[in-house]
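Letter by letter, the chains look like this.
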Amino acid sequence: MNATIAILLIQDGLTNGLLYALIALSILQVFLVTKVLWLPAGELVAFGALTMGVLNTENVPGTVWLLPCIGLAALLSWCWTAWRTQIWHGVGRQFVYSIIYPVLVSAIAWWASTQELSAWVRGVLTLLLVAPMGPLLYTAVFRPILHTSILTKLIVAVALHVVLVGAGLFFFGPEGLRSAPLIAGRIDVGFTRLSYQLVVVAVVSIVLMLGLWAYFERTLWGKALRATAMNRLGARLAAVRIETAGLIAFGLAGFIGALAGVLISPITTIYYDSGFLLGLKGFIGVVCAGMVSFPLAVLGALGVGLLDAFASFYASSFRDVIVFAALVPVLMWRSLYVRHEDDES
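These figures come from a predicted structure and were not determined experimentally.

Quick notes on the rules
- Residues numbered from 1 in each chain as written.
- Predicted model: local features only at pLDDT ≥ 70, side-chain atom pairs only at ≥ 80, totals over all residues.
- Heavy atoms only, no water.
- Core = buried A, V, L, I, M, F, W, Y, C linked by side-chain atoms within 4.5 Å.
- Buried < 20%, exposed > 50% of the residue type's maximum accessible area, 1.4 Å probe, protein only.
- Contact = heavy atoms within 4.5 Å.
- 1 Å grid on protein atoms, 1.4 Å probe; cavity = no way out; pocket = protein on both sides within 12 Å on 5 of 7 lines; lining within 4 Å.
- Points joined across faces, edges and corners; volume = space filled by probe spheres on them.
- Helix = DSSP H or I, 4+ residues; strand = E, 2+ residues; numbered from the N terminus.
- Nonpolar A, V, L, I, M, F, W, Y, C, P; charged D, E, K, R; others polar.
- pLDDT = per-residue confidence, 0-100.
- Salt bridge = Lys/Arg side-chain N within 4 Å of Asp/Glu carboxyl O.

A. Structural view of the nonpolar core. Core analysis: the biggest nonpolar cluster contains 94 residues, and Leu22, Trp38, Phe47, Met133, Phe142 and Leu263 have the highest contact counts within it. Those residues in contact with leucine 22, other than ones at most four positions away along the chain, are Ser205, Leu208, Met209, Ile256, Ala260 and Leu263.

Written as structure tokens, this is what we have:
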């Protein structure tokens with residue numbers, strides 16, 4: 001390997017690492033706030049990339065049907081909880097969020113899919129279609145079991161992951177898709193060349209991470225989420241609504257997943273089940289951070305991206321095996337220092 005190949009691998013590894021870092025951030029903030037291990041994070045990335053790919057071919061994406069289905073499930077789940085507690089306050093607002101918005105956005109996407117659109121407009125449509133899936137899935141699946149054990153939530157998350165993979169196959173088919181870059185062309189940097197798409201990925205990812213930092217540090221709801229993450233009982237005593245905090249956490253996760261899908265779509269071909277590997281690689285970054293630290297999760301995900309790039313060069317057939325095998329020594333090292341704690345329901 002010469003210096004040019006090494007630089008290209010580092011460039012590729014850091015680009016993938018930034019996308020893994022976004023997935024890791026979504027998994028970590030959902031876990032800290034709700035104690036839900038957000039395994040379907042990769043599925044939202046895959047849905048975003050596949051929606052971009054279908055819009056790129058000027059066809060109607062499957063998310064036009066999938067989003068109203070998830071919205072209907074969210075409304076039925078909300079009504080079931082309201083019927084059990086006899087608290088119907090907010091039913092009109094929930095109807096707008098679960099039915100009116102998905103149907104309206106899907107109708108717009110249906111009409112726009114046959115038009116000649118720029119890549120940026122397709123990206124915005126994808127965000128409007130995929131990002132709401134996060135809070136809708138929370139309302140449909142996790143809100144009714146928010147006060148159960150971590151193990152129960154983990155089992156439900158695994159089941160939801162399987163359902164979403166099947167939905168991806170049903171609505172998008174088995175063929176892989178790849179979209180046109182948001183900005184075509186390359187730029188010369190020293191003795192190497194960078195595509196504008198990689199620059200867009202790096203800039204958008206870094207801006208989003210800084211935006212999340214500012215949100216958690218400077219805003220009232222960001223501080224409420226941090227308080228919920230540190231001590232849910234204390235946050236509840238301080239009048240922080242745990243259900244609303246969970247809704248915001250899943251809203252952020254949905255937006256991050258959709259945005260990561262838009263960014264990764266021009267870089268690699270995405271299939272209906274590609275979200276599983278993407279989510280697992282983001283999860284390794286979270287594990288490296290001990291499931292508690294956002295900066296360490298970003299660093300861990302960047303390390304996974306670099307290891308992924310070099311593994312694909314030296315042993316492409318064992319690329320994923322090498323990456324996932326790296327999780328074993330990390331877990332063994334952390335087991336020496338992490339104190340076992342009881343689950344917090």
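B. Looking closely at the layout of surface pockets. Of the pockets and cavities examined, the largest pocket occupies roughly 980 Å³. Taken together, 26 residues line the largest pocket, and the ones lying closest to its centre are Trp78, Gln94, Arg143, Glu243 and Leu247. Listing elements by their share of the lining of the largest pocket, those giving two or more residues are α3 (63-85), α4 (91-113), α6 (133-142) and α11 (242-264). Ranked by the residues each element gives to the lining of the largest pocket, the list is headed by α3, at six residues. Partitioning the lining of the largest pocket into residue classes produces 13 nonpolar, eight polar and five charged.

C. Spotlight on the confidence of the model for the chain. Scored by pLDDT, the chain has a mean of 86; 97% of the residues are at 70 or more. Per-element averaging of pLDDT across the chain places strand β2 (residues 192-195) at the bottom with 75 and α6 at the top with 93.

D. Quick peek at the pattern of salt bridges. By the definition in use, this model includes three salt bridges. Here aspartate 308 makes a salt bridge to lysine 281, at a shortest N to O gap of 3.3 Å. Of the two residues, aspartate 308 sits in helix α13 (residues 294-314) while lysine 281 sits in helix α12 (residues 274-288), which places them 27 residues apart along the sequence. Of the two residues, aspartate 308 and lysine 281, both sit in the buried class. In this structure, lysine 281 and aspartate 320 form a salt bridge, with 2.9 Å as the shortest nitrogen-oxygen distance. With lysine 281 in helix α12 and aspartate 320 in helix α14 (residues 319-325), the pair connects residues that are 39 residues apart, well separated along the chain. On the accessibility criterion, lysine 281 (5% relative accessible area) is buried. With a relative accessible area of 26%, aspartate 320 lands in the partly exposed category. Bridged by salt links that share partners, the residues Lys281, Asp308, Arg319 and Asp320 form one connected network.

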